[in-house]
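Spelled out from the first residue to the last, the chains are:
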Amino acid sequence: MAEQPVVSRKRAQTQLKLMKAATEVFAERGIIGSSVEQVCERAGFTRGAFYSNFESKEALCMELLAGEKLFYQKAFAKGVAATFAHFAAHPQDKTKPPYELIEIALELVLPCIFVVEADEDEMWTAAMMIYSELGLYAVREPAIRDAYLEYVRSWTQPFAFLLQQVIPACGLEFTLPVTDAIEVLTAVFEIGCRDSLIEFPRDSADPTAATHAQMEKVKAALLRVARLITRPAASGPVGDSVG
């Protein structure tokens, strides 16, 4: 019994290595085009090690969904904290025009999602590619559909909550139902991220510059759509503005 925690830690480490390898292989080849053998080779494990941790490739994909959910939840929480910390430290910014407030918030939130730290330079690229791959795989593979839908809900719900707080605080209101606005913004974010990966690949000579170019492209897309689906509220800002 005393050795059980050590075994559990070792098992967890093996699973993490397999999941990291799967993320890399799936991002390169697509999930359908990848085999368990290729994942094992990348991770440095045998097929036996794979199947002692995951029942199938589908089971691995469901664990990846759980990992991706955690990645976005943590990134989102960091972005929110950074935004409120900024406005607490710079209260004069609260008096800026509504869409300038939105732009400031995006400039604080997006780096937490794109991950620009040098030692994690490829994290967001792989995360976004896997997000797209898992969505396509869920269309084809019924076994992971429920997990994929739960994953989507897990990061759109807090996003919706934030918008319902920030938009009125910036003196704006939606011109369409909130649920519809969330769907529009989510779609624009996904398309903007995909297009930014194509236009500014991180395998370029300066991956850090490519990351910042990606963020600028996504920010610009979100700002454009924000102007289309919101308008100045007749009552002005609600509450004590942002932060």
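Everything here concerns the structure above.
Residues numbered from 1 in each chain as written. Predicted model: local features only at pLDDT ≥ 70, side-chain atom pairs only at ≥ 80, totals over all residues. Heavy atoms only, no water.

Student: Break down the overall build of the protein for me, with residues and values.
Tutor: Looking only at helices and strands, the protein has 9 helices and 2 strands in total. Each helix and strand of the protein, placed in order from N terminus to C terminus, yields the pattern α-α-α-α-α-α-α-β-α-α-β. A burial count over the protein gives 44% of its 243 residues as buried. Intrachain contacts of the protein at a sequence separation of at least 6 include 73% that bridge at least 24 residues. Carbon and sulfur atoms make up 59% of the accessible area of the protein, which totals about 13,000 Å². (Helix = DSSP H or I, 4+ residues; strand = E, 2+ residues; numbered from the N terminus. Buried < 20%, exposed > 50% of the residue type's maximum accessible area, 1.4 Å probe, protein only. Contact = heavy atoms within 4.5 Å. Areas by Shrake-Rupley, 256 points an atom, 1.4 Å probe, with all protein chains shown as cover.)

Student: Could you give an account of the side chain of Lys-57, naming the residues involved and the relevant values?
Tutor: The topology assignment puts Lys-57 in helix α4 (residues 57-89). Within the buried set, Lys-57 has no salt-bridge partner at all; the shortest N-O distance to an opposite charge, 5.9 Å, is to Glu-58. Setting aside chain neighbours within four positions, we find Lys-57 in contact with Phe-26, Ile-31, Ile-32, Ser-34, Val-36, Phe-50 and Tyr-137. (Lys, Arg positive; Asp, Glu negative; His and termini not counted. Salt bridge = Lys/Arg side-chain N within 4 Å of Asp/Glu carboxyl O.)

Student: How would you summarise the pattern of salt bridges if you had to cite specific residues and measurements?
Tutor: Oppositely charged side chains can form a pair if their charged atoms are brought close together. Within the structure shown, the criterion is met by 12 salt bridges. Note that Arg-47 and Glu-37 form a salt bridge whose closest N and O atoms lie 2.2 Å from each other. Of this pair, Arg-47 sits in helix α3 (residues 47-51) while Glu-37 sits in helix α2 (residues 36-43); the two residues are 10 residues apart in sequence, bridging distant segments of the chain. In this structure Glu-37 comes out as partly exposed when scored by relative accessible area, which is 39%. Across the pair Lys-217 and Glu-199 runs a salt bridge whose closest N-O atoms are separated by 2.9 Å. With Lys-217 in helix α9 (residues 207-229) and Glu-199 in helix α8 (residues 178-199), this residue pair connects regions lying 18 residues apart in the sequence. Judged by relative accessible area, Lys-217 falls into the partly exposed class, the value being 30%. You can call Glu-199 partly exposed: its relative accessible area is 45%.

Student: Give a description of helix α5 (residues 98-114) that names residues and reports values.
Tutor: Relative to the 24 Å expected for 17 residues at 1.5 Å per residue, α5 spans 24 Å between its end C-alpha atoms, a close match to the ideal helical length. Residues of α5 that are buried: Tyr-99, Leu-101, Ile-102, Ile-104, Ala-105, Leu-106, Val-109, Leu-110, Cys-112, Ile-113 and Phe-114. (Expected span 1.5 Å × (residues − 1).)

Student: Please give an account of the packing of aromatic side chains that cites residues and values.
Tutor: Any two aromatic rings considered together are summarised by their centre-to-centre distance and by the angle between their planes. A full pass over the atoms with the stated rule returns 3 aromatic pairs. When the ring of Phe-50 is compared with that of Tyr-51, the centres are 5.1 Å apart and the planes differ by 80°; the resulting orientation is edge-to-face. On the basis of relative accessible area, Phe-50 is assigned to the buried category, the value being 0%. Measuring from ring centre to ring centre gives 6.0 Å for Tyr-148 and Tyr-151, while their planes differ by 55°; the resulting arrangement is tilted. Residue Tyr-148 and its partner Tyr-151 are both found in helix α7 (residues 145-169); the two are separated by 3 residues, about one turn of the helix. A residue is classified by how much of its surface remains accessible, and Tyr-148, at 14% relative accessible area, is buried. The class for Tyr-151 is buried, based on a relative accessible area of 2%. Ring pairs connect the aromatic residues Phe-50, Tyr-51 and Phe-54, which therefore count as one cluster. (Phe/Tyr/Trp six-rings, centres within 6.5 Å; stacked < 30°, edge-to-face > 60°.)

Student: Quick rundown of the nonpolar core? Include the residues and the values.
Tutor: Ranked by internal contacts, the top residues of the largest apolar core, which has 63 residues, are Phe-26, Ile-102, Leu-134 and Phe-189. Here the element with the most residues in this core is α4; it accounts for 10 residues. With residues up to four places along the chain from it excluded, the contact list for Leu-134 reads Ile-31, Cys-61, Leu-64, Leu-65, Ile-144 and Tyr-148. (Core = buried A, V, L, I, M, F, W, Y, C linked by side-chain atoms within 4.5 Å.)

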